[in-house]
Amino acid sequence: MTLNSRQLDELKRVLTKRREALESETHADAAKAREDVFSETVGPVGDTAAEAAADLISDIENAELSRDLQELREIDAALARMSDGSYGTCIDCGEEIDPERLRREPAAARCFACQSVHEKTFIQPGKATL
């Protein structure tokens, strides 16, 4: 079942709204990261536990920023596919992506089957490799 123009417009609106929210959030997070001073987080004495906690906080903030930037890239790619007419077509097998999948995950680039294979084939962030 191919998406009609009303459905495409709605998905584009959802993607654009999410993109704007992510863009605002990433700008705020980047500004906060620039303002954060390691010595203020650790304190004037700076013991190893405080340094470890500051490093952990920094790592978490960087991971969140990386995740948000990846989502922005996926949204931009979906909007580009909408512009060139390939939105809704799986980038791996070329089959149509189920419209219900697109409603739930508007930036989806793969059909459910190909996405499952992709996730099983490639190492996901945060998973042990040993």
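Here the structure is a predicted model, which means the values were calculated and not measured.

Engineer: So what's going on with the overall build of the protein chain? Which residues, and what values?
Structural biologist: Check the secondary structure of the protein chain and you find five helices and zero strands. Across the protein chain, helices and strands are ordered from the amino to the carboxyl terminus as α-α-α-α-α. The buried share among the 130 residues of the protein chain stands at 23%. Residue pairs at least 24 apart in sequence account for 54% of intrachain contacts in the protein chain once pairs closer than 6 positions are excluded. For the protein chain, the accessible area works out to roughly 9200 Å², and carbon and sulfur atoms hold 55% of it.

Engineer: Explain the nonpolar core to me, using residue names and the numbers behind them.
Structural biologist: Core analysis: the biggest nonpolar cluster contains 17 residues, and Leu11, Leu15, Ile75, Met82, Tyr87 and Leu102 have the highest contact counts within it. Here this core takes five residues from helix H3 (residues 48–84), the largest share from any one element. Apart from residues no more than four positions distant in its own chain, leucine 102 is found in contact with Leu3, Leu11, Tyr87, Gly88, Ile97 and Ala108.

Engineer: If you had to explain the side chain of arginine 81 to someone new, which residues and values would you point to?
Structural biologist: One can find arginine 81 in helix H3. Of note is the side chain of arginine 81, whose polar atom sits 3.2 Å from the backbone oxygen of alanine 107. Leaving out residues up to four positions away in the same chain, arginine 81 has contacts with Ser86, Tyr87, Ile91, Ala107, Ala108 and Ala109.

Engineer: How would you summarise the pattern of salt bridges if you had to cite specific residues and measurements?
Structural biologist: Once the charged atoms of two side chains with opposite charge are near each other, the side chains can pair. Under the defined criterion, the tally for this structure stands at eight salt bridges. Note that arginine 13 and glutamate 10 form a salt bridge whose closest N and O atoms lie 2.6 Å from each other. With arginine 13 and glutamate 10 both in helix H1 (residues 5–35) and three residues apart, the pair spans about one turn of that helix. The salt bridge partner of aspartate 92 is arginine 110, with a shortest N-O separation of 2.8 Å.

Engineer: Help me get a handle on the state of the cysteines, residues and values and all.
Structural biologist: In protein chemistry, a disulfide is the covalent bond that joins the sulfur atoms of two cysteines. What the rule picks out here adds up to zero disulfides. Cysteine cysteine 93 shares no disulfide, and the gap to the nearest cysteine sulfur, in cysteine 90, comes to 3.7 Å. By relative accessible area, cysteine 93 is classed as partly exposed at 38%. Left without a disulfide partner, cysteine 111 is nearest to the cysteine sulfur of cysteine 114, which lies 3.6 Å away. The class of cysteine 111 is buried, set by a relative accessible area of 11%.

Definitions and limits used
- Residues numbered from 1 in each chain as written.
- Predicted model: local features only at pLDDT ≥ 70, side-chain atom pairs only at ≥ 80, totals over all residues.
- Heavy atoms only, no water.
- Helix = DSSP H or I, 4+ residues; strand = E, 2+ residues; numbered from the N terminus.
- Buried < 20%, exposed > 50% of the residue type's maximum accessible area, 1.4 Å probe, protein only.
- Contact = heavy atoms within 4.5 Å.
- Areas by Shrake-Rupley, 256 points an atom, 1.4 Å probe, with all protein chains shown as cover.
- Core = buried A, V, L, I, M, F, W, Y, C linked by side-chain atoms within 4.5 Å.
- Polar contact = N/O pair within 3.5 Å; in protein donor to acceptor, adjacent residues only side chain to side chain.
- Salt bridge = Lys/Arg side-chain N within 4 Å of Asp/Glu carboxyl O.
- Disulfide = S-S within 2.5 Å.

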